[in-house]
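Remarks on the overall topology
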Amino acid sequence: MSAPAPALAKPERRTVAVRLADVAVTVAYLSLVFGLLLVFFPVSFPRIIVHSWQSGNLIVAMLVIALTLDAYLYFRIAYLLSARPTALAAACLGSLPIIVVGGCSILLQSAVAQTLAVDLPNPQARIGEEVLAHTYLGLVSGVFLPFLVIRLLQQFRATNSARQS
Amino acid sequence: MAEWMSVKWLLWISLYLVLGVFVPWATALAWAHQHGSDLRPRPRQLFQRGELGLVGLVLVISVIWNLLQSQYMPQTRALGAVLLAVIGTMAGAVWIETYCRHSTGMASNDERAWRDSRNLAFLVFSVVVVVEILLDRFAKVAAL
């Protein structure tokens, strides 16, 4: 059996190599938008967030934003590099934002419970600020940390394959 | 209206930008002038080996300290401190990796080191600005 002609052989597409610098700019813009909304709408923006938390919609909204941004960033990197997305990265991007945002939500419930348990002045305003801080930290973590994990896994695999070869 | 007029966080971040970026650049120009050199480094040349990542790491340390001193609940302080530490470490890692590559003679791309450190420093700056705004808001609520 003869080898396939070079012109007919399909070129091997490399997999997406995630660099944190590619993700950092988008997360920075997300952060700046949050900051600007806080500066220019210091009352109404936090009120919207607290109302969504009270009605139970905040975690869903955070998940939608984090998952959408993660998918957008990953496919954008794949498109720019003309590289093939991997199942490992897809699994990380599908599960890690849910774990991170869910974890932040548990921490928030715990912080709110502690605020109410300790006899502090002005508890409602304090809870509002706690919700605001957790929303921001949860959003940034939900977008950034999955890419950090993918990056570390890719480096680990590259090191392993280099050692084996 | 009066609340968002508070620009303490803006002055604070400007201090870091001036001392961390502008002063080293001005010092390099002053050195060139003093020694009669034609050297006119642009900030990009001065920080081409990822030094902006180090500036970001130093900035993060001070914000973690501010966060730990705040009256937020321990869960919030822990979450913020860990996130800031991770971002700062990643920014600092760009400088470390470039240094290691140069020191061991491995292939190094200064263009990529500059781009990575600039992007991660931008992330650090944007995150610490928002954390300082949140800290400022919480301090006002706690003082009521």
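The text that follows walks through the structure, step by step, so that each part is easy to find.

Reading the values: rules and limits
- Residues numbered from 1 in each chain as written.
- Chains lettered and ligands numbered in written order.
- Predicted model: local features only at pLDDT ≥ 70, side-chain atom pairs only at ≥ 80, totals over all residues.
- Heavy atoms only, no water.
- Helix = DSSP H or I, 4+ residues; strand = E, 2+ residues; numbered from the N terminus.
- Buried < 20%, exposed > 50% of the residue type's maximum accessible area, 1.4 Å probe, protein only.
- Contact = heavy atoms within 4.5 Å.
- Areas by Shrake-Rupley, 256 points an atom, 1.4 Å probe, with all protein chains shown as cover.
- Lys, Arg positive; Asp, Glu negative; His and termini not counted.
- Charge placed at Lys NZ, Arg CZ, Asp CG, Glu CD.
- Rg over C-alpha atoms; globule rule 2.2 N^0.38 Å.
- Expected span 1.5 Å × (residues − 1).
- Core = buried A, V, L, I, M, F, W, Y, C linked by side-chain atoms within 4.5 Å.
- Buried area = accessible area lost by both parts, 1.4 Å probe.
- Salt bridge = Lys/Arg side-chain N within 4 Å of Asp/Glu carboxyl O.
- Polar contact = N/O pair within 3.5 Å; in protein donor to acceptor, adjacent residues only side chain to side chain.
- Nonpolar A, V, L, I, M, F, W, Y, C, P; charged D, E, K, R; others polar.

**A closer look at the overall build of chain B**
- Counting its regular elements, chain B contains five helices and zero strands.
- For chain B, the N- to C-terminal ordering of α and β elements is α-α-α-α-α.
- Expressed as lengths along the three principal axes of its C-alpha atoms, the size of chain B is roughly 55 × 35 × 20 Å.
- A buried classification covers 43% of the 144 residues belonging to chain B.
- Residue pairs at least 24 apart in sequence account for 71% of intrachain contacts in chain B once pairs closer than 6 positions are excluded.
- Total accessible area on chain B stands at roughly 7700 Å², and carbon and sulfur atoms take up 67% of it.
- Distance from the positive charge centre (12 side chains) to the negative charge centre (9 side chains) of chain B: 2 Å.

**A word on the overall build of chain A**
- Scanning chain A for helices and strands turns up five helices and zero strands.
- Counting from the amino terminus, helix and strand elements in chain A follow one another as α-α-α-α-α.
- Compactness check: chain A gives a C-alpha radius of gyration of 21 Å against a globular reference of 15 Å for 165 residues, more than 25% above the reference.
- Overall, the C-alpha framework of chain A stretches about 80 × 35 × 25 Å when taken along its three principal axes.
- Within the span of chain A, comprising 165 residues, buried residues form 42% of the whole.
- By sequence separation, contacts in chain A at least 24 residues apart represent 82% of the contacts at least 6 residues apart.
- In the structure as shown, chain A presents an accessible area of about 9000 Å², 68% of it carried by carbon and sulfur atoms.
- Across chain A, the 11 positively charged side chains and the 6 negatively charged ones have centroids separated by 17 Å.

**A short note on helix α3 (residues 58–81) of chain A**
Residues and elements named next belong to chain A.
- Between its terminal C-alpha atoms α3 stretches 34 Å, which fits the 34 Å expected from 24 residues at 1.5 Å a residue.
- Those residues of α3 that fall on the buried side of the exposure criterion are Leu58, Met62, Ala66, Leu69, Asp70, Leu73, Tyr74, Ile77 and Ala78.
- Buried positions along α3 lie against α1 (20–40), α2 (44–54), α4 (87–117) and α5 (123–164).
- Ser82 sits one or two residues past α3 and shows a positive phi near 50°.

**Things to note about the nonpolar core**
- Core analysis: the largest hydrophobic core is formed by 75 residues, its most contacted members being Tyr136 of chain A together with Leu84, Leu123 and Val128 of chain B.
- At 14 residues, helix α5 (residues 110–143) of chain B tops the list of elements feeding residues into this core.
- Those residues in contact with Leu123 of chain B that sit more than four places away from it in its chain are Ala24, Val27, Ala28 and Phe144 of chain A together with Ile87 of chain B.

**Some words on the interface of chain B and chain A**
- Between chain B and chain A, the contact holds 33 residues from the first and 41 residues from the second.
- For the pair chain B and chain A, the summed buried surface comes to about 3500 Å²; carbon and sulfur atoms form 71% of the total.
- One can count three salt bridges joining chain B with chain A.
- A salt bridge links Arg19 of chain A to Asp116 of chain B; the nearest nitrogen and oxygen atoms lie 2.3 Å apart.
- Here chain B is connected to chain A by eleven residue pairs in polar contact (both at pLDDT 80 or more).
- Those elements that provide at least two residues to the side of chain B that touches chain A are α4 (74–104) and α5 of chain B.
- Here the side of chain B that touches chain A gets 17 residues from one element, more than from any other, and that element is α5 of chain B.
- Split by residue class, the side of chain B that touches chain A holds 22 nonpolar, six polar and five charged.

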